[in-house]
Amino acid sequence: MRDEGTKDMDIERAGIVGCGTMGAGIAEACARAGLDVRVVTSGAESVRRGRGRITASLDRAVVKQRLTGEERDRILGRIAFVTALDELADRQLVIESVTEDQQTKQVVFKELDRLVEAEDAVFASNTSAIPIVRLATATSRPENVIGLHFFHPVTVLPLVELVASLFTSDATRRTAEHFAEAQLGKQVVPSPDRAGFTVNALLIPYLLAAIRMVEAGHVTASSVDRAMTLGCNHPMGPLQLADLIGLDVVTSIANAMYHEYKEPQYAPPPLLLRMVEGGALGRKAGRGFHVHT
Ligand SMILES: NC(=O)c1ccc[n+]([C@@H]2O[C@H](COP(=O)([O-])OP(=O)(O)OC[C@H]3O[C@@H](n4cnc5c(N)ncnc54)[C@H](O)[C@@H]3O)[C@@H](O)[C@H]2O)c1
């Protein structure tokens, strides 16, 4: 995939596994960059929802006059939705973005290893907190596995954390970096293969601290959010941000970091656990710390 000289080769065929909040955004970003994109979802209903997410996002861009109707149609035409991983056999890069659960992801990586034909195909994960080496060792080619951690909304936020594991080869790292920077136009920050990488290792304890303040009854969610937006010039408060990320996702990241570091600051507070158990998952469920219509 890469010349021995200095020129890095472009990825032309990308696969995305999972078409939830993040998978849909990554698929859209890849299609906007001109790639042939194949998205694997878990069934017909997920295809409908995933296509709906991407179409709604592109329609918003047309309304804001950032895309023409023809451009939207061309971008959508580059994305194929499928329901079986074997449809990714000819891909040069696959980005896994399924539910934040180590076992689920390991099964996906094991299958990709079996199915994807090109020896130098890159297997990337968009995991928020699971160390990449745990996914790499589910495959027979750990040197091809890397973390490409995008941020929500993918088409808006420029950062991608690039997480090489102990076993990631230099060729894989260069291909992934070139893909994110030169093809998607993102800015790459190398991050350590530790639970939470860089951003979540700092962000999650902050979100959990805000949830503990609300849980203790000192202050309301709205007051915390207003205080942080008005006092620190943050674009949104911590509970609005937790709702945007998804409270189930926040909990999974917190659990992964608690498991890794055994420090109380990473333990999800009971209020967060009860909200997730009750289905109040934030913006995607219409209800979290705030009501979303
Ligand atoms: N939400 C965020 O802000 C954010 C940011 C960066 C990274 N992430 C990470 O991205 C990943 C996905 O998160 P999300 O927010 O999109 O979650 P989500 O719940 O919106 O989507 C996950 C999707 O994966 C699908 N899925 C589960 N198992 C599958 C399988 N075997 N094959 C195909 N599809 C499968 C589910 O049906 C669901 O549609 C997680 O690892 C998460 O930690 C999330």
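Described below are features of the structure shown in this document. All chains use their own residue numbering, which begins from 1 and follows the written sequence. Local features in this predicted model are restricted to residues of pLDDT 70 or higher, and side-chain atom pairs are both shown and tallied only at a pLDDT of 80 or more, whereas totals for entire chains, interfaces and linings draw on every residue. Excluded from the side-chain calculation are hydrogens and water; included are all heavy atoms of the structure.

1. Considerations on helix H8 (residues 221-232)
Along an α-helix, residues three or four apart share an orientation, since each turn contains 3.6 residues.
Okay, step 1: A helix here means a DSSP run of H or I that spans at least four residues, while a strand means a run of E at least two residues long, and both kinds are numbered starting from the N terminus. Helix span, expected: 1.5 Å multiplied by one less than the number of residues in the helix. Here H8 is 12 residues long and its end C-alpha atoms lie 16 Å apart, about the 16 Å a rise of 1.5 Å per residue gives.
Okay, step 2: Three labels apply to residues, based on accessible area from a 1.4 Å probe with only protein chains included: buried if under 20% of the type maximum, exposed if over 50%, partly exposed otherwise in between. The set of residues buried in H8 consists of Ala221, Val224 and Asp225. Buried positions in H8, seen along its axis, are confined to an arc of 95° and lie on one side of it. Exposed residues on H8 whose side chains face more than 90 degrees from its buried face are Arg226, Leu230 and Gly231.
Okay, step 3: In this analysis, two residues are considered to be in contact whenever any of their non-hydrogen atoms come within 4.5 Å of each other. The inward-facing, buried residues of H8 contact helix H7 (199-215) and helix H9 (238-245).
Okay, step 4: At the C-terminal side of H8, Asn233 shows a positive phi close to 60°. Think of it as the arc spanned by the lines of direction from the helix axis to the C-beta atoms.

2. Brief notes about the pairing of strand S5 (residues 122-125)
Okay, step 1: Here S5 shows no split at all, with Val122 and Ala124 on one side and Phe123 and Ser125 on the other all buried.
Okay, step 2: Paired strands are those between which DSSP finds at least two bridges. Where strand S4 (residues 93-96) and S5 come together, 4 bridges link them in parallel fashion. Of the residues in S5, the one forming a bridge with Ile95 is Ala124.
Okay, step 3: As for the winding sense of the linkage, the β-α-β connection from S4 through helix H4 (residues 102-115) to S5 is right-handed.
Okay, step 4: As paired strands, S5 and strand S6 (residues 145-149) are joined by 3 bridges and run parallel to one another. When the strands point away from the viewer, a crossover counts as right-handed if the route from the first strand across the helix to the second turns clockwise.

3. A few points about the packing of H7 against helix H11 (residues 270-277)
Okay, step 1: Between the N-to-C directions of two axes lies an angle of 0 to 180 degrees, each axis being a line fitted to C-alpha atoms and, for a helix, fitted only over the stretch in contact. For the pair H7 and H11, interaxial distance at closest approach is 8 Å and the crossing angle is 90°. The angle between H7 and H11 places the two elements in the roughly perpendicular class. Seen from H7, the contacting residues are Leu208, Ile211, Val214 and Glu215; seen from H11, they are Pro270, Leu271 and Leu272.
Okay, step 2: Residue polarity is assigned by list, with Asp, Glu, Lys and Arg as charged and Ala, Val, Leu, Ile, Met, Phe, Trp, Tyr, Cys and Pro as nonpolar; anything else, Gly included, falls into the polar class. For the contact of H7 with H11, the per-class residue count stands at 6 nonpolar, no polar and 1 charged. Small angles under 35 degrees read as roughly parallel and large ones over 145 as roughly antiparallel, with 65 to 115 read as roughly perpendicular and the rest as oblique.

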